[in-house]
Amino acid sequence: QLPGSPAAPRHSCENLGQGSFTKIYRGIKRDQEDSECHETEVLLKVMDSSHGNCSESFLEAASIMSQISHKHLVLLYGVSIKENSIMVQEYVRFGALDIYLKKNQSGGKVTASWKLEVSKQLAYALNFLEDKKIVHGNVSAKKVLLAREGDAASGSPPFIKLSDPGVSLTMLAKEMLIDRIPWVAPECISDPKNLALESDKWSFGATVWEIFSGGTMPTSALEPLLKLQFYQNSLQLPAPKWMELANLITQCMDYRPGWRPSFRAIIRDLNSLITSDYELLSDLSPSEL
Ligand SMILES: Nc1cnc(-c2cc(N)nc3[nH]ccc23)cn1
C-alpha cells in the first residue's frame, strides 16, 4: 500500500496512455491528516508486468529521483512493488513539452523568450543533477513536463519539471536505442555502458534544438539504418537561424564527450542570449506592422 493511499483503493484512475514499458494513469492520492482528508492529483506509472526484469531498473530510477528534490524535477510520492511496479509522481498539469509544442506552434504563446526560459530551467535541473553526479540518461522534450504555461502578455514565465528517465537505456534493445537518435548520445549507441554525465549534455543539445524547432525532429521519419548513418557520418542537426543558439547546440552535440560544456557553462551561455520577441513582427507583412 502506498503511504496515504486509500485502504480499499477505488478505481478512480483515468488512463492517460503509455510509455515504453508503462501504462500511465491520472489518479487521486488521499491523505488522512488527523481530521481532514486531503486530496492530491497524481500520475501513476504502472510497469507492464511482461517486462519483469526492467522493473528493477524502473525502481532504481524511482529511488534515485526520490532521494533528491529540486523545483525543476518532478516530485515522486512513492512506489509500490506488489504485483506490478507502480510509481506515483506529482501530476504536472500541462503534460509533456513535445506534445505541447506541436499543439502551440503558432498563436504567439510560444515565443523565443518562452523557449529560452524553458531551456534555462532544463539546464538548471541538469546542472543540479551534474553537481550530484547523477546521470538522467533520457533527456528529451517528451520528458520535460509543463507545470505553468506562462503568459507573454502579463510577462509570467513558463515553469517546467524534468520527469524521471524511465527504464535505463542500458536495459534497452539496440533498435530502441537507435529509435532515440538524435537524443541518445553517439557513444551510447556504440556501447550503452558509455552512458555518463556527458551523455546528458548531448541530449540537452538535441532537446533545445527540438524546443526551438516546434517539437519535430527531422530524423524521426528516417528508417533505423538511416538514423544510424546520421551518427556514422558525424552529421549535425540543421543549424537554427539564431547563430548564438546554433553554436551552443553544436557545442553540446560534440561527438567527443569530453568537449561538451558543463551545465554551468551552458547556463552562462543561455543567460547571455538576448532575444527580442520582435521576430514575430518579422513574420508579419509591412502592412501588419
Ligand atoms: N508527471 C506527469 C506526467 N504527465 C502528465 C500528463 C499531463 C497531461 N495534461 N496529459 C498527459 N497525458 C499523459 C501524461 C500527461 C502529468 N504529470
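Residues numbered from 1 in each chain as written. Predicted model: local features only at pLDDT ≥ 70, side-chain atom pairs only at ≥ 80, totals over all residues. Heavy atoms only, no water.

Chemist: Explain the overall build of the protein chain to me, please; I cannot follow it from the model alone.
Modeler: The helix and strand tally for the protein chain stands at ten helices and seven strands. Judged by the C-alpha coordinates and their principal axes, the protein chain covers about 60 × 45 × 35 Å. Burial analysis of the protein chain (289 residues in total) assigns 47% to the buried set. Sequence-distant contacts, at least 24 apart, represent 63% of the contacts inside the protein chain between residues at least 6 apart. Counting every atom, the protein chain has about 14,900 Å² of accessible surface; 54% of that belongs to carbon and sulfur. Taken together, the 30 basic and 34 acidic charged side chains of the protein chain have centroids lying 1 Å from each other. (Helix = DSSP H or I, 4+ residues; strand = E, 2+ residues; numbered from the N terminus. Buried < 20%, exposed > 50% of the residue type's maximum accessible area, 1.4 Å probe, protein only. Contact = heavy atoms within 4.5 Å. Areas by Shrake-Rupley, 256 points an atom, 1.4 Å probe, with all protein chains shown as cover. Lys, Arg positive; Asp, Glu negative; His and termini not counted. Charge placed at Lys NZ, Arg CZ, Asp CG, Glu CD.)

Chemist: It is not clear to me how the sheet that holds strand E3 (residues 37-47) should be interpreted in this structure. Could you clarify?
Modeler: Consider a sheet: its strands pair through backbone hydrogen bonds, and that pairing is either parallel or antiparallel. One open sheet holds the five strands; their spatial order is E1-E2-E3-E5-E4, and the pairing between them is antiparallel. Both edges of this open sheet fall to strand E1 (14-18) and strand E4 (76-81), since each of them pairs with a single strand only. Here the strands of the sheet are splayed against their neighbours by 30° on average, with no regard to which way each runs. For E4 and strand E5 (residues 85-90), the ladder comprises five bridges, and the chain directions are antiparallel. Residue pairing across strands places serine 80 opposite isoleucine 86, the latter belonging to E5. (Pairing = 2+ DSSP bridges. Axes fitted to C-alpha atoms, helices over the stretch in contact; angles between N-to-C directions.)

Chemist: Can you walk me through the site of the ligand in this structure?
Modeler: Around the ligand, the structure places Leu16, Leu43, Val74, Gln89, Glu90, Tyr91, Val92, Arg93, Phe94, Gly95 and Leu145. Valine 92 is positioned such that a nitrogen or oxygen atom in its backbone is 2.8 Å from a nitrogen atom of the ligand. At 2.8 Å, a backbone N or O of arginine 93 approaches a nitrogen atom of the ligand. In isolation the ligand has 380 Å² of accessible area, and contact with the protein removes 77% of it. Among the residues forming the shell around the ligand, the class breakdown is seven nonpolar, two polar and two charged. (Near = heavy atom within 4 Å. Polar contact = N/O pair within 3.5 Å; in protein donor to acceptor, adjacent residues only side chain to side chain. Nonpolar A, V, L, I, M, F, W, Y, C, P; charged D, E, K, R; others polar.)

Chemist: I would appreciate a short explanation of the state of the cysteines in the present structure.
Modeler: In a disulfide, the sulfur atoms of two cysteines are covalently bonded to one another. Throughout the structure, instances matching the rule amount to zero disulfides. In this model cysteine 188 remains outside any disulfide bridge; the closest cysteine sulfur is found in cysteine 252, 15 Å from its own. (Disulfide = S-S within 2.5 Å.)

Chemist: What exactly am I supposed to notice about the packing of aromatic side chains here?
Modeler: Aromatic ring pairs are reported here in terms of the distance separating the ring centres and the angle at which the planes meet. Summed over all chains, the structure comprises seven aromatic pairs. Aromatic side chains phenylalanine 204 and phenylalanine 263 sit 5.4 Å apart centroid to centroid with 85° between the ring planes, which places their arrangement in the edge-to-face category. Pair noted here: phenylalanine 204 is in helix H6 (residues 197-212) and phenylalanine 263 is in helix H9 (residues 263-272), with a separation of 59 residues, a long-range link. Look at phenylalanine 204 and you get buried, because its relative accessible area is 0%. Relative to tryptophan 242, the ring of phenylalanine 212 has its centre 5.9 Å away and its plane inclined at 75°; by these criteria the two rings are edge-to-face. In this pair, phenylalanine 212 is assigned in helix H6 and tryptophan 242 in the loop between helix H7 (224-232) and helix H8 (243-252), connecting sequence segments 30 residues apart. (Phe/Tyr/Trp six-rings, centres within 6.5 Å; stacked < 30°, edge-to-face > 60°.)

Chemist: In this structure, what is going on with the pairing of strand E2 (residues 22-32)? I would like to understand it.
Modeler: Here is the key point about a regular strand: its side chains alternate between the two faces of the sheet. One ladder, built from four bridges, connects E1 with E2; its direction is antiparallel. Looking across to E2, one finds that glutamine 18 is bridged to lysine 23. Here E1 hands over to E2 after three residues, the two strands then running antiparallel side by side. In terms of strand pairing, E2 meets E3 through eleven bridges, oriented antiparallel. By the bridge assignment, tyrosine 25 is partnered in E3 with leucine 44. Turn length for the E2-E3 hairpin, with the two strands adjacent in sequence and antiparallel, is four residues, and the turn residue aspartate 34 shows positive phi of about 35°.

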